[in-house]
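Observations on chain architecture
The lines below spell out each chain.
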Amino acid sequence: MAEDRKSRRQLLEDLRSLLDQLVRRFGYGLGTVFFIPNPWIGLIFWAALFSSPRLGLFALLGLVVGALLQRLLNLENQSSLGGGVKANALLTAAATAWLFSAQAMPLWAELLLASAAAGMSALIAAASMAMLGKTRFPAMLIGYCMVASMLFVLCPQCTVSAASLMEPWTVPIGPAGWLAAFTRSLGSLVYSPSIAFGSLVCLAFLLWSRAAFLAGVVGWLGGVAVSLACLGLGFNFFYLPLSYNFFMAGVALGAAFYLPGWVTLAVAAVAGAFCAVLALCLQVVTAGGAIAYLPLASMLTVWVGIGAIGLAGQRAIARRYPASRFAPEIVWLKEACLARRFGDPDPLLAIPLAGTVYVSQGFSGDVTHTGKWRHALDFQMVDTNGQRNPIYGAQVLAPGSGVIEAVKNTVPDNVIGGSDFRNNWGNHVIIRLDRGGWVLLGHLLQNSIGVSVGMRVQTGSLLGRVGNSGRSPVPHLHLQLQTGPEAGAPTAPFKLANYLALQASQDPWSQWVAAGVPGPGDFLRAALPNPPVYEILTRMMPGSAVWFCEITGDVPQRFVQANIQRTTRVQILLDDAGRYRFDAGKGGALLAGLEPDAWRITELERVQAPLLSFLGMSVPSIPYAVRVGTTWEDVPPVALNGMGFAESFAPYLGRRFDSARYICKAVGEQDRTCCIEAEFAARGPISPLATTCRFEHLRGPVSLRVAFPHGAIEFSLLSFEPGLSSRAAP
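Residues numbered from 1 in each chain as written. Predicted model: local features only at pLDDT ≥ 70, side-chain atom pairs only at ≥ 80, totals over all residues. Heavy atoms only, no water.

Remarks on the overall build of the chain
Heads up, the condition is: Numbering of helices and strands runs from the N terminus, with a helix taken as a DSSP run of H or I at least four residues long and a strand as a DSSP run of E at least two residues long. Under the scheme applied here, a residue whose accessible area is under 20% of the maximum for its type counts as buried, over 50% as exposed, and between as partly exposed, the area being computed with a 1.4 Å probe on protein chains only. Whether two residues are in contact is decided by their heavy atoms, any of which lying within 4.5 Å being enough. Reported accessibility uses the Shrake-Rupley method at a 1.4 Å probe radius. Residues are deemed covered only where the shown protein chains occlude them. Just so you know, the count uses Lys and Arg for positive and Asp and Glu for negative, and it drops His and the chain ends. A single reference atom marks each charge: NZ on Lys, CZ on Arg, CG on Asp, CD on Glu.
Each helix and strand in the chain was counted, giving 18 helices and 28 strands. Structurally, the chain occupies a C-alpha span of about 95 × 80 × 50 Å along its principal axes. Each of the 730 residues in the chain was classed as buried or not, and the buried ones make up 53%. Restricting the contact set of the chain to residue pairs at least 6 apart, pairs at least 24 apart contribute 66%. In the structure as shown, the chain presents an accessible area of about 32,900 Å², 60% of it carried by carbon and sulfur atoms. The positive charge centre, built from 53 side chains, and the negative charge centre, built from 43, are 4 Å apart in the chain.

Observations concerning the side chain of Asn409
This is how it is decided: Polar contacts here mean pairs of N or O atoms no more than 3.5 Å apart (in protein, one a potential hydrogen donor and the other a potential acceptor; neighbouring residues in sequence count only if both atoms are side-chain atoms).
Along the polypeptide, Asn409 turns up in the loop between strand S6 (402-408) and strand S7 (427-433). At a separation of 3.3 Å, a polar atom in the side chain of Asn409 contacts the main-chain amide nitrogen of Ile449. Excluding its chain neighbours within four sequence positions, the residues that come into contact with Asn409 are Asn427, Leu445, Gln446, Asn447, Ser448 and Ile449.

Remarks on the packing of helix H11 (residues 244-256) against helix H13 (residues 296-310)
To keep it simple, the criterion reads: Axes here mean lines fitted to C-alpha atoms, for a helix over just the part in contact, with angles spanning 0 to 180 degrees between N-to-C directions. Our angle categories are set so that under 35 degrees counts as roughly parallel, over 145 as roughly antiparallel, 65 to 115 as roughly perpendicular, and the remainder as oblique. The hand of a helix crossing depends on one turn: near helix anticlockwise from the far one by less than a right angle means left-handed, and clockwise means right-handed.
Contact geometry for H11 and H13: axes closest at 8 Å, N-to-C directions at 25 degrees. Overall, the two elements H11 and H13 adopt an arrangement that is roughly parallel. Considering only the axes of H11 and H13, their crossing is right-handed. From H11, Asn245, Met248, Ala249, Ala252 and Leu253 reach across to H13, where they touch Leu296, Ala297, Ser298, Thr301, Val302, Gly305 and Ile306.

Some thoughts on the confidence of the model for the chain
The line we're drawing: Across the chain, each position has a pLDDT score giving the predictor's confidence in that residue, from 0 to 100.
Mean pLDDT over the chain works out to 89, with 93% of the residues at or above the 70 mark. When the elements of the chain are averaged for pLDDT, strand S4 (residues 388-389) gives the smallest value, 60, and S7 the largest, 97. The low-confidence segment residues 726-730, where pLDDT is below 50, has 13 contacts with residues more than four positions distant or belonging to other chains.

Description of helix H7 (residues 156-164)
To keep things clear, this is the line we draw: Starting at the helix axis, one direction is taken to each C-beta atom, and the arc is that of these directions.
Looking at H7, one finds that the buried residues are Cys158, Thr159, Ser161 and Ala162. Down the axis of H7, the buried set is contained in an arc of 165 degrees. They therefore lie on one face. Exposed positions of H7 whose direction lies more than 90 degrees from the buried face are Gln157 and Ser164. Packing partners of the buried residues in H7 comprise helix H4 (85-99) and helix H6 (142-154).

Following this line, the structure appears as structure tokens:
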């Protein structure tokens, strides 16, 4: 019996795997045309396309041709949002089916023509992806547009005959008429302008991303408004059959390529309006020919929009994000959580001095840190009691890795109270950082600099000693990040990384800061790793773990139901990036990495298992520098699950991310354990009050207690089987 159950289970797993492969092969091609990289949603488009069996079968032929060509060119894993090799091929085959639908042509000839056209389109698509691959511009449907244009030019009578078979477009009257026109227009891209097809397109978008659908609707409305204005000015503009371009331009620039929000919603409206003007021009140039109804206008609009927005670089009005398998609002949720967790993505620099330092002038200081030099810090030194110590002669360390760009080493030091205004920065070192930008360290001691131009330095490398040269009445070290290589170039924002801040408590150095900008009067010092904690966190073994859950008292019912099995099996794997992956199967996965300053949980993937959810809340980060009593704050990462309809509008309405306070309660040097306690500010009906998590050497987390107002959930590690060969699936 056990063998039969095992065989049936294996058969089901094999069938599920086969089904998943088939869905991926068929769903991606058509889904990416609509900027939806989800193969299951792509099946909805296929179902809509097969409402016309002829179009569906020809599109399937084009998909096969595209897939074969992809394999011949070793492009099996190449895809492109907005259209890839297979997407261009299948659309071209569908265009061929439509073009010759009214012609008395043998089926074998039609299939041959469709295959040849699909192959040519796929080749052009592959070439365009190669040419545009290193640019910011997506290839989209270049192959399809070029080959379809050739077909329309070569057989103009075919286009007239095929168009005569389609349902005519009428001027919309009333809300119902406009709704029908919008719905029909969504099918025009694949020659199926019907309410049934358009309704399935709407359903697919609503299932995938409500934010993308909203951006598309706004783009469509913007384009229609301009189209009506053009009609009012006397232009003969037949816009409804090509108005899907307005929708697609809105989706692309309002959500698919840029994080959704109010700004990108406005961009979507402008994109639709701009697309309408381009479509009118194409219709005039082609004398109303079929070429004007291809997705040329939307493609050009997307390229213009990406170029215009990207011209401002980091100051762009919208933030572009790389292609993701998640819906735009989920990507926004992840990015918003990261922004709340880590703040602005400013460059990180290490404290350039050993020991305790005092910030005598911070950003936008009252003395010299003003205007284009406002992003700078001045350091002096203090002793363990916070009393100022002479900094003169202290060692200056590199705050980041890079190459020495410039050195000045011959400026005499000033007497106390004097300044040399001719040599503003005095003796200084400028480093071209590996991560971009230039950092200047100024007012060094004359002839103390031991590096030269072109030399590579690492974070912490000795550069020289603190002096009193240049515009410096008292010895101090000046630190600034610059936008150029010359001394005195405009400064840029930066943060200091991984330091301890002085607190008014029994242990004055108990507050750890992952990254921040200290203000004037702040005392800080670099956070050095605590060897026992560092060993616990960095020696964790991959393997297979079984956790047991015990509930006491009254806890929220959802957690009682979720833990009804009492045990949770978790595979601890290492992915290709060297991150730990805590995989609970259908319960989701948690990703954690060994970063330079801390063990940090970076992502929760579709987490349903309460163990992983609470683990993400309890220890989102553990700094290597923690000792008993060390405290820090962090924002737990959010689970990247599907979002409900109400949550989909978070990019426009906002989302609150609450931080928690963490404290190290114990570090066992003998048994090599570490205990972290978390206190949560949020007080909701299902929010815990506090958690306590214990880590052990090699095994990682071994116990987790989650306290609620009237009960608790305790997770404990029942068994752990190390497995060095465990690897995460690619």
